Amino acid sequence: MDFKVLAVGDVVGNPGMERIRRSLRYLKRKWEADFVIVNGENASVVGLTPDQAEDIFDAGADVITMGNHTWGKREIVPYMDDCPRILRPANYAPQVPGRGYAVYDTKAGNVAVIDLIGRCNMDYGPDNPFLMIEKLVKEIDAKIILVEMHAEATSEKLAMGYLLDGRVSAVWGTHTHVPTADAQILPKGTGYVTDLGMTGPKNSVLGIRPELSIQKFRGDLTERYKWADGPTKLEAVLFTIDSTTGKCKKAERVDLNDENTAQR
């Protein structure tokens, strides 16, 4: 039996939230996705509120993943402790709230989702994700294992993909908000893409008003980041997995914007 997983790129600001509310359930139905994972750490530009999490779940998400902005909105902390469907990076310090992975009951049986964060050019000092994942894949009893690598460096994401090739069903990257054209099946049967992209303002720099990013790179006095206005987009990858073997059969981009219908 095929088990289809839709992994959706980082949701940015109110425009990204509106796109999720308007389009996620449509995409889930159109591509017959059985399980949907959305990165939500930028829903407030920096962080995620409980209300935003509820909206993402109501729109059709099964799991929300986080990253380096996990603690951007502190009100998420008690909510995260009580909600097993929100994951923060598993290689954060063990004393922090929340959980880094969980196993969910689905029509394909147990499906494990693991959230990791990279160490190249990140603000925090997480544990080594490569050592952490070696430990976790030995502990988790699930035929289908899905891994998100929230990281800056493409090399770090690619290395994680090849480390896990044949050991998990799919690995994808988030954080850089720019979709990559390398959706593929790695040699031993793991679906992979370096970055899902983002969900939010189309005419922007990573979801932010271009002039604000330009000011920063010019060295000007900067103001607080604000999301851009105008048309929006949703960028994602659909992984088709054989539920018997846990191997990925297909990895394909599923992108949607205001000018076009969903393209595959």
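See above for the structure.
All values reported here derive from a predicted model rather than from experimental measurement.

Novice: Just checking my understanding: could you explain the overall build of the protein chain for this structure?
Specialist: Helices and strands together make up the secondary structure of the protein chain, namely six helices and 14 strands. Computed over the C-alpha atoms, the radius of gyration of the protein chain is 17 Å, within 12% of the 18 Å expected from 2.2 N^0.38 for a compact globule of 264 residues. Across its three principal axes, the protein chain shows a C-alpha extent of roughly 55 × 45 × 35 Å. Among the 264 residues that make up the protein chain, the fraction classed as buried is 58%. Put simply, 63% of the contacts in the protein chain that link residues at least 6 apart link residues at least 24 apart.

Novice: Looking at this structure, I do not really get the packing of helix H1 (residues 13-30) against helix H2 (residues 50-58). What am I missing?
Specialist: Describing two packed helices takes the angle between their axes plus the distance from one axis to the other. Contact pair H1 / H2: the axes reach a minimum separation of 9 Å and the direction vectors enclose 20 degrees. Between H1 and H2, the interaxial angle falls into the category roughly parallel. Classified by chirality, the crossing of H2 by H1 is left-handed. Across the interface between the two elements, Met17, Ile20, Arg21, Leu24 and Arg25 from H1 touch Gln52, Asp55, Ile56, Phe57 and Asp58 from H2. Here the residues of the contact of H1 with H2 are counted per class, giving five nonpolar, one polar and four charged.

Novice: Would you mind going over helix H4 (residues 129-139) with me for this structure?
Specialist: Two residues of an α-helix separated by three or four positions point the same way, owing to the 3.6 residues in each turn. Taken together, the buried positions of H4 are occupied by Pro129, Met132, Ile133, Leu136 and Val137. Mapping the buried residues of H4 onto a view down its axis gives an arc of 125 degrees, with all of them on the same face. Residues of H4 that are exposed and point over 90 degrees away from its buried face: Leu131 and Lys138. The inward-facing, buried residues of H4 abut strand S6 (101-106), strand S7 (109-117), strand S8 (144-150) and helix H5 (154-164). The backbone nitrogen of Phe130 lies 2.8 Å from a side-chain oxygen of the residue at the head of H4, namely Asn128.

Novice: How should I be thinking about the nonpolar core in this particular structure?
Specialist: Soluble globular proteins: nonpolar side chains tend toward being buried together. Core analysis: the biggest nonpolar cluster contains 35 residues, and Leu6, Val8, Ile20, Leu24, Val38, Leu48 and Ile86 have the highest contact counts within it. When residues of this core are traced back to their parent elements, those giving at least two are strand S1 (2-8), H1, strand S3 (35-39), H2, helix H3 (76-82), strand S13 (232-242) and strand S14 (248-257). Here Val38 is in contact with Val8, Val11, Ile20, Leu24, Ile56, Ala61, Val63, Ile64 and Thr65, once residues within four sequence places are set aside. Among the nonpolar cores identified, the runner-up in size contains 23 residues, and Val5, Ile37, Leu87 and Val113 belong to it.

Novice: Before we go on, may I ask you to explain unusual backbone geometry in this structure?
Specialist: Most peptide bonds take the trans configuration, and most residues that are not glycine carry a negative phi. Positive phi is not limited to glycine here, since Val45 has a value of about 70 degrees. Inspection of the secondary structure puts Val45 in the loop between S3 and H2. For Leu206, which is not a glycine, the phi torsion comes out positive at approximately 60 degrees. By the secondary structure assignment, Leu206 is in the loop between strand S12 (198-201) and helix H6 (210-218). Residue Leu206 is classed as partly exposed on the basis of its relative accessible area of 41%.

Novice: Just checking my understanding: could you explain the environment of Arg85 for this structure?
Specialist: By the element assignment, Arg85 lies in the loop between H3 and strand S5 (86-87). What makes Arg85 partly exposed here is its relative accessible area of 32%. Sequence separation between Arg85 and Val113 is 28 residues, and the spatial gap between their C-alpha atoms is 9.7 Å. Apart from residues no more than four positions distant in its own chain, Arg85 is found in contact with Phe57, Ala61, Asp62, Val63, Ile64 and Tyr104. A distance of 3.5 Å separates a polar atom in the side chain of Arg85 from the backbone oxygen of Asp62.

What counts and what doesn't
- Residues numbered from 1 in each chain as written.
- Predicted model: local features only at pLDDT ≥ 70, side-chain atom pairs only at ≥ 80, totals over all residues.
- Heavy atoms only, no water.
- Helix = DSSP H or I, 4+ residues; strand = E, 2+ residues; numbered from the N terminus.
- Rg over C-alpha atoms; globule rule 2.2 N^0.38 Å.
- Buried < 20%, exposed > 50% of the residue type's maximum accessible area, 1.4 Å probe, protein only.
- Contact = heavy atoms within 4.5 Å.
- Axes fitted to C-alpha atoms, helices over the stretch in contact; angles between N-to-C directions.
- Parallel < 35°, antiparallel > 145°, perpendicular 65-115°, else oblique.
- Left-handed = near helix turned anticlockwise from the far one by under 90°.
- Nonpolar A, V, L, I, M, F, W, Y, C, P; charged D, E, K, R; others polar.
- Arc of directions from axis to C-beta.
- Polar contact = N/O pair within 3.5 Å; in protein donor to acceptor, adjacent residues only side chain to side chain.
- Core = buried A, V, L, I, M, F, W, Y, C linked by side-chain atoms within 4.5 Å.

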